[in-house]
Amino acid sequence: MHQMVVAVPDRQSGGITCKRQGFAVIKMASSDVLEQLAEIELQKEEEEEEEIPDGPSPPSTTTFASDASHPFYDVARHGIIQVAGDDNYGRKLITFSSCCLPPSHELNHRRLLEYLKFTLDQYVEMDYILVYFHYGVRSSNKPSLKWLREAYSEFDRKYKKNLKTLYVVHPTNFIRIVWNIFKPVISHKFGKKLTYVNYLAELREHLNCDQLSIPPEVIRHDEKLRAALKDGPPPSVKTPPPRPPLPSQQFGVSLQYIREKNRAMIIPPVVFQTVTYLKEKGLETEGIFRRSAQVQVIKDVQRLYNLGKPVNFDLYSNVHVPAVILKTFLRELPEPLLTYRVYNQVLEMLNVESSLRATRCKQIVESLPELNFIVAKYLLCFLHMVSRESIVNKMSASNLACVFGVNLVWPRQGSIALSALTPINVFTHILIEHYHSVFGSRCPPSQVTP
């Protein structure tokens, strides 16, 4: 009989550790026995959770899909799956929160799988990251192992190819056992993308958690795990106060700050230089703005800009580097390029009659402060140029809107709800597709074009 070995984490550690640090090695005769063990382990974890009294929940800043016309409203309304914009290197962030799963009799898990595919279909052509928050799985709400097998088999190469990392947050013995059940059918290449994260502090080392839609239940669970450590809680995960920006700082500072420190340059140097380079050498690159670049390269380029040193993109032999730098610059602005004020106006876009939407977009952008309008007009003019080469680069106005929308507008508090993506993308698509009619009337004296 085929023997399988399961590595079970040391329960005292509060998470998954390596074998030398206390794994118990259990030999199992079959996957059926493993499934039984997984169910027993899950029940144990539920009992342990019940023994720990709950404190008050932090307020939630996430808004779930409220539009009953959403094709997957029955699933989306629970907020299980959220798209949280991009990380610092241009990769889309998608979260799956188990604590949002309702009891199984209240949710069609087949519909859940279809909704997950529906969400990923919008982004699988670009690099993306999945963050799975495991806390909250119960016997009453967990999808069956048969469902998990179906999910893995239905997610073909197009879904797996551009997945850069799958973060499993707060893994437990149950997760490790399930992983061993599926290990024989999971490719080695896909397995290397899996990263266990025991605490949110560790996740912050990889991602900007402020962008993520982390349910308050998960935050509270993390606090309990850290408090339960033998040696007391780890150092606070709060970030230290930011240092004053350098005079030459380009990333993470306002447009006004950059203008004042760069001899009144109306277009920020990062925007001007990346657009100029991409206009010359990137317009015909297939998938431009959809690909990420090496993390260290992006950090190095940011550092050069922030130190006021020259950047020569030819040295990197990769046109996706300036593309990612441009998106990163927009994403790290303290206030979005199109300002916080327009966010709610953008969300109302679907309520505007289709024939009047371009006019409404024009009203919104013409109300921007002059500096924001000038930079936005410069950027959207360039994106219009990119879209005109879509036969070659495959980046239509619609595709560009999916990439840039969340980098142009976001709410003052909390992260972008999944239900907000459609109006944001529709709005951005109109700005690109109808650039001349939207931006043509207002021409400030200091306006610059690519």
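What counts and how
Residues numbered from 1 in each chain as written. Predicted model: local features only at pLDDT ≥ 70, side-chain atom pairs only at ≥ 80, totals over all residues. Heavy atoms only, no water. Helix = DSSP H or I, 4+ residues; strand = E, 2+ residues; numbered from the N terminus. Areas by Shrake-Rupley, 256 points an atom, 1.4 Å probe, with all protein chains shown as cover. Core = buried A, V, L, I, M, F, W, Y, C linked by side-chain atoms within 4.5 Å. Buried < 20%, exposed > 50% of the residue type's maximum accessible area, 1.4 Å probe, protein only. Contact = heavy atoms within 4.5 Å. Patch = residues over 30% accessible without salt bridge, like charges linked within 9 Å, V, L, I, M, F, W, Y side chains within 5 Å. Salt bridge = Lys/Arg side-chain N within 4 Å of Asp/Glu carboxyl O. Lys, Arg positive; Asp, Glu negative; His and termini not counted. Charge placed at Lys NZ, Arg CZ, Asp CG, Glu CD. Expected span 1.5 Å × (residues − 1). Axes fitted to C-alpha atoms, helices over the stretch in contact; angles between N-to-C directions. Parallel < 35°, antiparallel > 145°, perpendicular 65-115°, else oblique. Nonpolar A, V, L, I, M, F, W, Y, C, P; charged D, E, K, R; others polar. Phe/Tyr/Trp six-rings, centres within 6.5 Å; stacked < 30°, edge-to-face > 60°. Left-handed = near helix turned anticlockwise from the far one by under 90°. pLDDT = per-residue confidence, 0-100. Pairing = 2+ DSSP bridges. Right-handed = clockwise from strand over helix to strand, strands pointing away.

**Some thoughts on the overall build of the protein chain**
From N to C terminus, the protein chain includes 20 helices and seven strands. Carbon and sulfur atoms make up 51% of the accessible area of the protein chain, which totals about 21,500 Å².

**Focus: the nonpolar core**
Membership of the largest hydrophobic core comes to 136 residues, with the highest contact counts inside it found for L203 and F289. Ranked by residue count, the leading element in this core is helix α16 (residues 370–388), at 13 residues. The contact partners of F289, leaving out residues within four places of it in the chain, are L278, A323, L326, K327, F382, L383, V386, L400, V403 and F404.

**Some details on a positive patch on the surface**
Together, R157, K161, K189 and K192 make up a region of like positive charge exposed at the surface. In this structure, K189 sits in helix α7 (residues 188–191).

**Examining helix α12 (residues 295–306)**
Compared with an ideal rise of 1.5 Å per residue, which puts twelve residues at 16 Å, α12 spans 17 Å between its outermost C-alpha atoms and is within 8% of the ideal. All buried positions along α12 are accounted for by V297, I298, V301, Q302, Y305 and N306. Next to the buried residues of α12 lie α11 (269–281) and α13 (320–331). Taken from the residues just after α12, G308 is the one with a positive phi, measuring 75°.

**Some points on the packing of α16 against helix α19 (residues 421–433)**
The geometry of a pair of packed helices is captured by two quantities: the angle between their axes and the separation between those axes. Two numbers describe how α16 lies on α19: the axes approach to 8 Å, and their chain directions differ by 80°. Classified by the interaxial angle, the pair formed by α16 and α19 is roughly perpendicular. Between α16 and α19, the contacting residues are L380, L383, H384 and S387 on the first element and L431, I432 and E433 on the second. In terms of residue class, the contact of α16 with α19 is built from four nonpolar, two polar and one charged.

**A closer look at the packing of aromatic side chains**
Inspection of the entire model under this criterion finds twelve aromatic pairs. Taking 6.0 Å as the distance between ring centres and 75° as the angle between the ring planes, the aromatic pair formed by F251 and F329 counts as edge-to-face. On the criterion of sequence distance, the pair formed by F251 in the loop between α9 (216–227) and α10 (255–261) and F329 in helix α13 is long-range, its members being 78 residues apart. Both residues of the pair, F251 and F329, belong to the buried class. Seen from their ring centres, Y277 and F313 are 5.6 Å apart, and the 55° between their planes marks the pair as tilted.

**Re the environment of S419**
For S419, the location among the structural elements is in the loop between α18 (397–408) and α19. The spacing of S419 and L347 is 72 residues in sequence and 9.2 Å in space, taken between C-alpha atoms.

**Description of α18**
With eleven of its twelve residues buried, α18 lies for the most part within the structure. Inspection of α18 places A397, N399, L400, A401, C402, V403, F404, G405, V406, N407 and L408 among the buried residues, and these make up the whole buried set.

**Looking at the packing of α13 against α18**
Running from N to C, α13 and α18 cross one another at 30°; their axes reach a closest spacing of 8 Å. In this view, α13 runs roughly parallel relative to α18, as classed from their interaxial angle. By crossing handedness, the relation of α13 to α18 is classed as left-handed. Across from L326, K327, L330 and R331 in α13, the residues of α18 making contact are V403, F404, N407 and L408. A class-by-class count of the residues in the contact of α13 with α18 yields five nonpolar, one polar and two charged.

**Focus: the environment of V137**
As for its position among the elements, V137 is in the loop between β5 (128–133) and α4 (145–154). When the C-alpha positions of V137 and L101 are compared, they lie 7.7 Å apart, and in sequence the two are 36 residues distant.

**Details of the confidence of the model for the protein chain**
When pLDDT is averaged along the protein chain, the result is 80; 81% of the residues meet or exceed 70. Of the regions scoring below 50 in pLDDT, residues 1–31 engages in 67 contacts with residues more than four places distant in sequence or in other chains. The low-confidence segment residues 51–65 (pLDDT under 50) makes 26 contacts with residues lying over four places distant or belonging to another chain.

**Topic: the pairing of strand β6 (residues 163–169)**
Burial analysis of β6 places six of its seven residues in the buried class, which makes it a mostly covered element. Pairing geometry for β6 and strand β7 (residues 194–197), over four bridges, is parallel. Its bridge partner lying in β7, Y167 is registered against T195.

**What to know about the pairing of β5**
The buried count for β5 comes to six of six residues, which makes it a mostly enclosed element. Burial of β5 is two-sided: the residues Y128, L130 and Y132 facing one way and the residues I129, V131 and F133 facing the other way are all buried. When strand β4 (residues 92–97) meets β5, the two strands line up parallel, connected through six bridges. Opposite K92, over in β5, you have Y128 as the bridge partner. Chirality of the crossover, the property in question, places the unit of β4, helix α3 (residues 109–120) and β5 among those that are right-handed. By the bridge criterion, six bridges tie β5 to β6 in an arrangement that is parallel. Pairing of I129 across the sheet is with T165, part of β6.

**Topic: unusual backbone geometry**
Of note, the phi angle at S317 is positive, near 50°, even though the residue is not glycine. Along the chain, S317 falls in the loop between α12 and α13. For S317, a relative accessible area of 70% corresponds to the exposed category. Here T339, not a glycine, exhibits a phi torsion of approximately 70°, which is positive. Secondary-structure assignment places T339 in the loop between α13 and α14 (343–347). A residue is classified by how much of its surface remains accessible, and T339, at 6% relative accessible area, is buried.

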